[in-house]
Amino acid sequence: MTGSLFSIEWGIEIEKKGDSVPLFEQVHGNEILHLSKAGELEMASKALPQADGAIAHFNQAEVHVYTADCLPILFFTEDPNGAIAAIHAGWKGVKKGIVQKAYQELSHFKNLHVLIGPAIGVCCFAVREDFIQEWETANLSPRPFLSRKNNRDYFNLLNYVTQEALSEIPPSHLHLDWFRCTVCSTPSLPSFRRNKSANPRLRTWIRKTT
Ligand SMILES: [Zn+2]
């Protein structure tokens with residue numbers, strides 16, 4: 001699937017590990033790289049940096065993330081000189097604040113847009129009480145985002161992210177049309193929970209054409 005707006009293009013595809021070159025090693029943390037020129041990471045070091053997102057500040061940039069149930073989140077702006085970003089946000093990264101961090105680092109750009117791709121839905125994300133308590137210990141409030149079904153709690157990670165971390169983004173700038181559950185929706189998507197493997201996976205990319 002691909003889309004575009006202004007001089008920005010984005011897409012999501014299913015691929016096998018090795019089909020594309022990673023920019024960084026994803027570790028479910030909250031580090032976000034800032035890139036100011038093409039090939040910067042390759043020149044900086046032979047080892048991949050550990051991070052879960054990249055913000056690119058130059059023309060004709062392209063960044064991407066890999067997911068298989070975690071949220072792939074893209075940021076772009078209407079400013080021709082604005083940055084683009086791709087963020088990998090599973091529940092661990094969300095709990096560590098990676099989405100707020102990305103938003104804060106980009107919020108000075110006018111007309112910021114956010115696109116969230118397929119990820120585990122509330123339909124499939126059963127959580128236990130110790131999961132909920134772990135969030136509360138971190139002073140977060142997951143309970144409004146829980147649904148009770150068959151005596152189990154299900155967590156709505158998408159709503160948590162859009163309402164807690166991205167509440168400043170107006171609905172018209174929040175692109176959720178591609179969101180569907182990676183675990184149970186059809187046609188099937190890569191899901192770690194379902195396949196016990198992140199290979200294949202989704203690659204969610206964004207680039208500036210000018
Ligand atoms: Zn589901």
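Position numbers for residues start from 1 in each chain and track the written sequence from start to end. Where local features are concerned, this predicted model is filtered to residues with pLDDT of at least 70; where side-chain atom pairs are given and counted, the filter is 80 or more; whole-chain, interface and lining totals use all residues. As a rule here, side-chain values come from all non-hydrogen atoms in the structure, and water together with hydrogens is ignored.

This paragraph deals with the pattern of salt bridges. The rule for a salt bridge is simple: a side-chain nitrogen of Lys or Arg has to be within 4 Å of a carboxyl oxygen of Asp or Glu. This model, assessed by the stated rule, comprises 11 salt bridges. In this structure, D130 engages R128 in a salt bridge whose closest nitrogen and oxygen atoms are separated by 3.0 Å. Each residue is assigned to one of three classes by its accessible area relative to the maximum for its type, calculated with a 1.4 Å probe on protein chains only: buried under 20%, partly exposed between the two thresholds, exposed over 50%. With relative accessibility at 55%, the residue R128 sits in the exposed group. For R143, the salt bridge identified is with E136, shortest N-O distance 2.7 Å. Judged by relative accessible area, which is 37%, R143 ranks as partly exposed. Classification of E136 as partly exposed rests on a relative accessible area of 32%. Salt bridges sharing common partners tie together E9, E13, E15, E62, R201, R203 and R207.

The next thing to look at is the side chain of H175. Checked against the element boundaries, H175 lands in strand β12 (residues 174-175). The buried category is assigned to H175, whose relative accessible area is 18%. Counting of polar contacts relies on pairs of N or O atoms within 3.5 Å, with two restrictions inside protein: one atom must be capable of donating a hydrogen and the other of accepting it, and residues adjacent in sequence are counted only when both atoms are side-chain atoms. Of the polar contacts made by the side chain of H175, one reaches the side chain of H113; its length is 2.8 Å. Helix and strand definitions here come from DSSP, where helices need a minimum of 4 consecutive H or I residues and strands a minimum of 2 consecutive E residues; each element is numbered from the N-terminal end.

Here we come to the sheet that holds strand β5 (residues 62-67). Criterion used throughout: strands pair if DSSP finds at least two bridges between them. One open sheet holds the 4 strands; their spatial order is β1-β2-β13-β5, and the pairing between them is antiparallel. In the strand order of this sheet, the two ends are held by β1 (2-5) and β5, each with one partner. In this sheet, adjacent strand axes meet at a mean angle of 15° when their direction is disregarded. Relative to strand β13 (residues 201-208), β5 runs antiparallel, the two being bridged by 6 bridges. Following the sheet pairing, H64 is matched in β13 by W205. Only C-alpha atoms enter the line fits that serve as axes; for helices the fit covers just the stretch in contact. Angles between N-to-C directions range over 0 to 180 degrees.

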